[in-house]
Amino acid sequence: MESSELKRSKDSPNSDESAGLSSFPDEVLERVLSLLKSHRDRSFVSLVCKDWYNAERWSRTHVFIGNCYSVSPEIVARRFPNIRSVTLKGKPRFSDFNLVPQNWGADIHAWLVVFAAKYPFLEELRLKRMAISDESLALLAVAFPNFKALSLLSCDGFSTNGLAAIATNCKNLTELDIQENGIDDKGGSWLGCFPESFTSLEVLNFANLTSDINFDALERLVGRCKSMRVLKLNRSISLEQLQRLLVNAPQLAELGTGSFSQELTFRQYKELECTLSNRKNMHTLSGLWEAKGIYLPALYPACTNLTFLNLSYAALQSSELAKLLAHCPRLKRLWVLDTVQDKGLEAIGLNCPLLEELRVFPDDPFGQPDYLTNEPMDEAFGAVVKTCTKLQRLSVSGLLTDLTFEYIGRYAKNLETLSVAFAGSSDWGMQCVLGGCPKLRKLEIRDCPFGNAALLSGLEKYESMRSLWMSACKVTMNGCRLLAREMPRLNVEVMKEDGSDDSQADKVYVYRSIAGPRRDAPPSVLTL
Amino acid sequence: MSKPIEHDYIGLSEPQLPSMEKSSDTNNKKNALHLKATELRLGLPGSESPEWDDHDHNVLSLKTFVSGAKRGFSDALDGGGKWVFSGGSGGGSEGLFSPRSSGNNNGGKGLSGSDSGLGGPVLKDGATQKPVVVQEKKPQAASGAGHGNGNIAPASKAQVVGWPPIRSFRKNTMASHPPKKDDDAEAKLGSGCLYVKVRMDGAPYLRKVDLKIYGSYKELSSALEKMFSCFTIGQCGSHGAPSRDGLSESRLIDLLHGSEYVLTYEDKDGDWMLVGDVPWEMFTDSCKRLRIMKSSEAIGLAPRAMEKCKNCT
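Residues numbered from 1 in each chain as written. Chains lettered and ligands numbered in written order. Predicted model: local features only at pLDDT ≥ 70, side-chain atom pairs only at ≥ 80, totals over all residues. Heavy atoms only, no water.

- The name an unreviewed UniProt entry assigns to chain B is Auxin-responsive protein, from the organism Durio zibethinus.
- The record held by UniProt for chain B lists under Subcellular location (unreviewed entry) the comment "Nucleus".
- What UniProt records for chain B under Sequence similarities (unreviewed entry) is the sentence "Belongs to the Aux/IAA family." (UniProt positions renumbered as here; feature names shortened; annotations may be inferred.)

- Per an unreviewed UniProt entry, chain A is named Protein AUXIN SIGNALING F-BOX 3-like isoform X2, and its organism is Durio zibethinus.

Here you go:
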C-alpha cells in the first residue's frame, strides 16, 4: 500500500522497535484499522500506543470536525495525510435563530487552501453553518480533480454562481446537496452548466433555491444520470414536470417534489399516479409544497416503503393526513404542520406503529398564541428525563425552575445536547446540569438567570465538551476573564451588543481548541 | 439506513479528552420529548413564578442589570398571564415553546383579542440583529424578575430575536410562500388567508381562492384564468388530449375581458359588484364571493362592464 510505504520511510525507527513487540506488521494493522468507520473507535484506537496511533492516522480517510475553530487545518493535515472526506461544522447552533452576528466567522476558505495543497485527492466536503463564498466554491471546483460530493447545510455567503462553477468543473461529481442555506439565488442557469457528457450524479438536492431553472436541461440531466437515487426539486417545478422527470428516474430512493398544486387534468393525474407507483425503493418523500389534498392519492403507491415523510410545507387537514398515512405503514420519521390538529395527531398514532420521530411545525412561524398556564412544569420535564433514559438531545424553555435542572442533572445521564431558553431560577440550575450530565457535549443557553457562579462551576467540564453558549444571561466580563485565565485551552469569546453595559458579557461562546485563539474574529467578538 | 456515527476530532491525544460525540439516532430520542412537548401547556416565567433573585447566587460581585426584566416577558405577564404556548414547534428545534407577550397592561386573563393578527415580527436573515426585547417596566416587580435589559414599549407584540424558536430559514421560506390550505373553512380574516368561493357560470363545481396571496387585480385575474381554463375549453378530465394543450393565455384573457365573461363579486352588503372599481385592498376587505358571469347575463352592467373590464389591469 502506498500509504504504508510512505509511513515506513518516515517512521522507520519506530517500526524497527515495534517489529519485535507487535505481532502485526504495519500493513496488516493499517488494513484492519481501515475497516473502522466510527470516529469514536478510531479515537480510542489512537490512544493505545504509538504504533496504533500512527496506523490509525495513516488509515483514516474521513475526518469529522464538530467545531471548525477547535483545530486548525494545518494540524489536521499534519496528523492525517490521507483524508478523502471532510465534515466541518462552524457557527454555534443559535445562529439558525439569528443570535449570532452576521460576520462572526467560520469561513471555509482557509481550510480549502490547505486542503488544496495537502489533500489534492479530496472527494467529499460536507459543511454545516459555515460561511462559503463563490470564490471558495470556484477554488473547490478546480483544485480537486476527484471531487465527488458537496453538501452545504445552513451555510451562507454564496450564490448560484458558485454552484455554476461546481457544475461546470467537477467532472466526477456524484452529490450536490444544497439545503437550507442563505444563498443568493441569481437564477437557475447554473443547472445548465453540467456538460452533456456528465452522467455521474447520484444525489441532486436544490430544494433550497427559489428561481425557475431550465427544465429542459434538468430533464436531460436526470435522463442521462442513470444512477440517480436522490432528487429533491425546488418549488418552481410543477407536477407535470415532476411526472416527466420521474419517468426517467425509476430507481429513486429519495424524492423531493416541487410544487404540488398545479391544476391537473384527469389524464395528467393518472399519468402521475402511474409514474409514482411501484417505487419499492423509495424511502424518503418531501417537498409537497402547497399540496392539494385531492392530488395526494397519487402518492399512495409510492409510500409502501417510506420511512421518512416530510409534510412540513403542506398544509393538510387531518382527514387528508389520515388517508395518506394509511398507506405508509413503515414510517419512522414524520414532519407535519399543525394544520393537522389533534385529529391528525391521533391518526398518526393509529397508523404509524414504527414511528420514532415526530415534528410538528407551526403553520404560522411567527407565533400564534394558543394556550397558557401559570404553573411551573418542572414535574413534566422531570418525568421525561426519568423515563426516557436514553435521551440524548433536549430543548427546554418556559416556566421552569431550578428543579427541572436538578432532574436533568440527576437523571439525564445520556444527555449530550441541551438547549435552554427562558428557564431556570438561579445559578443552581445550571450547576446541576454541569455537575450531573457526564456525557454533555453541547450546552446552549439564552435568556436565563445564570451568572458567573454557574459559568465557573463548569471550569473542569468545558474541556470535555465541544462548546458552551450563553446569551442574555447574567454573566459578566469579569467572570469570563476568570474563566479564560483559569482554562488556557478554552477559547472564551464574548460578543458585545451595541449600547450594552460594559461589564456585561452579552453573548459568550466557550469552546475547547488546540488551535489557540482565532485570528479571524470580527471586531465585535473579543477573545479573552 | 442508519445514520453514520460521527465523532469530533480535534487531535487531542490526552486520555482525559476522549472524543465523545455520538450522533447516531439522536432523532430517535427526540420524538418522545416531542410528543410530550406538543402536549404541554406552559406559561413563561411570570406572575406566579418563583423568585428570580437578582442578588443571590452570584459569587463574584455583579452589577445588576439596569432595570427591566432580563427575562423579557415576565413583567408583561403580571396579572396578565399573557404567556402563551403554541402547540407546534419549529424546524430544527425540539419541543421549544413559543412565548408571546401581548405587552398589554390591561391585566386581563387569557389571550387578548388584539393579539391575534397577521404574523408577528418578521425576522429576516441578513438584517442586523439587535436584541429587540421590549418589556413592561413594572413598578412592583411582583414576579421577582428584576433583571433584564432595555425598557419596554407598550407594543402589542414583544419582539425577541430568535423567538419563537423557528429557524430563520424556515421563517423566510414560509413568509415568502405560505403553504396554502385547501380546506372548506369559512374565510378566516386575520389568520393570514382569505378564501372566497368562485363560481363560474356553466362550470360543474365551484372553486376557492385565497385573496390574500394576490397583490393586484391582474394577479387574481390570471389565477382565475388558469383555474377555469378547462371549463372554458369544455374539456376537463377528458380522456383524449389533455385539455390544456393548445390553450393560450391570450384566448382566455379574451374570454374574461372580452366578450364572453365578466368578473363580479358579492360584497359585505350582499350587493353584486363589478370587480375592479375599488382599490385592491378595499376589494379584498369587502369581497365575500366571486362569480364569473356570462356577459349576456350581466345586462344591467354591460356597457360599463365592458369598459371597466378593459381597465382591469
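**Digging into the nonpolar core**
All names here are of chain A.
- With 112 residues, the main nonpolar core has Trp190, Leu204, Leu218 and Leu309 as its most contacted residues.
- Apart from the residues lying within four places of it in its own chain, the contact partners of Trp190 are Thr160, Leu163, Ala164, Ala167, Leu176, Leu204, Phe206, Leu209 and Ile213.
- With 47 residues, the next largest nonpolar core counts Cys437, Tyr462, Val475 and Cys480 among its residues. (Core = buried A, V, L, I, M, F, W, Y, C linked by side-chain atoms within 4.5 Å. Buried < 20%, exposed > 50% of the residue type's maximum accessible area, 1.4 Å probe, protein only. Contact = heavy atoms within 4.5 Å.)

**Describing the sheet that holds strand S19 (residues 490–495) of chain A**
Residue and element names in this part refer to chain A.
- In space, the seven strands of this open sheet follow the order S15-S16-S17-S18-S20-S19-S21, with mixed pairing throughout. The strands lining the two open edges of the sheet, one partner per strand, are strand S15 (393–397) and strand S21 (525–527). Each strand axis lies, on average, 10° off the axis of its neighbour in the sheet, ignoring direction.
- With six bridges joining them, S19 and strand S20 (residues 507–512) adopt antiparallel strand pairing. In the strand pairing of S20, Val494 is matched with Val508. (Pairing = 2+ DSSP bridges. Helix = DSSP H or I, 4+ residues; strand = E, 2+ residues; numbered from the N terminus. Axes fitted to C-alpha atoms, helices over the stretch in contact; angles between N-to-C directions.)

**Considering the state of the cysteines**
Residues and elements named next belong to chain A.
- Per the counting criterion, the structure on display carries zero disulfides over all chains.
- We note that Cys352 lacks a disulfide partner, and the nearest cysteine sulfur, in Cys328, lies 6.9 Å from it.
- Here Cys432 stays free of any disulfide, with the sulfur of Cys437 as its closest cysteine sulfur at 9.3 Å.
- Relative accessible area serves as the criterion here: at 11%, Cys432 is assigned to the buried category. (Disulfide = S-S within 2.5 Å.)

**Things to note about the pattern of salt bridges**
Residue and element names in this part refer to chain A.
- Tallying each qualifying case throughout the model produces 32 salt bridges over all chains.
- Note that Glu273 and Lys270 form a salt bridge whose closest N and O atoms lie 3.0 Å from each other. With Glu273 and Lys270 both in helix H12 (residues 266–276), this residue pair falls three residues apart, about one helical turn.
- What makes Lys270 partly exposed here is its relative accessible area of 38%.
- Taken together, the shared-partner salt bridges connect Arg42, Glu56, Arg60 and Arg79 into one network. (Salt bridge = Lys/Arg side-chain N within 4 Å of Asp/Glu carboxyl O.)

**Thoughts on the packing of helix H8 (residues 134–143) of chain A against helix H9 (residues 160–169) of chain A**
Residues and elements named next belong to chain A.
- The N-to-C vectors of H8 and H9 enclose an angle of 5°; their axes lie 8 Å apart at closest approach. Of the possible angle classes, the one that applies to H8 and H9 is roughly parallel. Touching Asp134, Leu137, Ala138, Leu140, Ala141 and Val142 of H8 are Asn161, Gly162, Leu163, Ala165, Ile166 and Asn169, all from H9.
- Residue composition of the contact of H8 with H9, by class: eight nonpolar, three polar and one charged. (Parallel < 35°, antiparallel > 145°, perpendicular 65-115°, else oblique. Nonpolar A, V, L, I, M, F, W, Y, C, P; charged D, E, K, R; others polar.)

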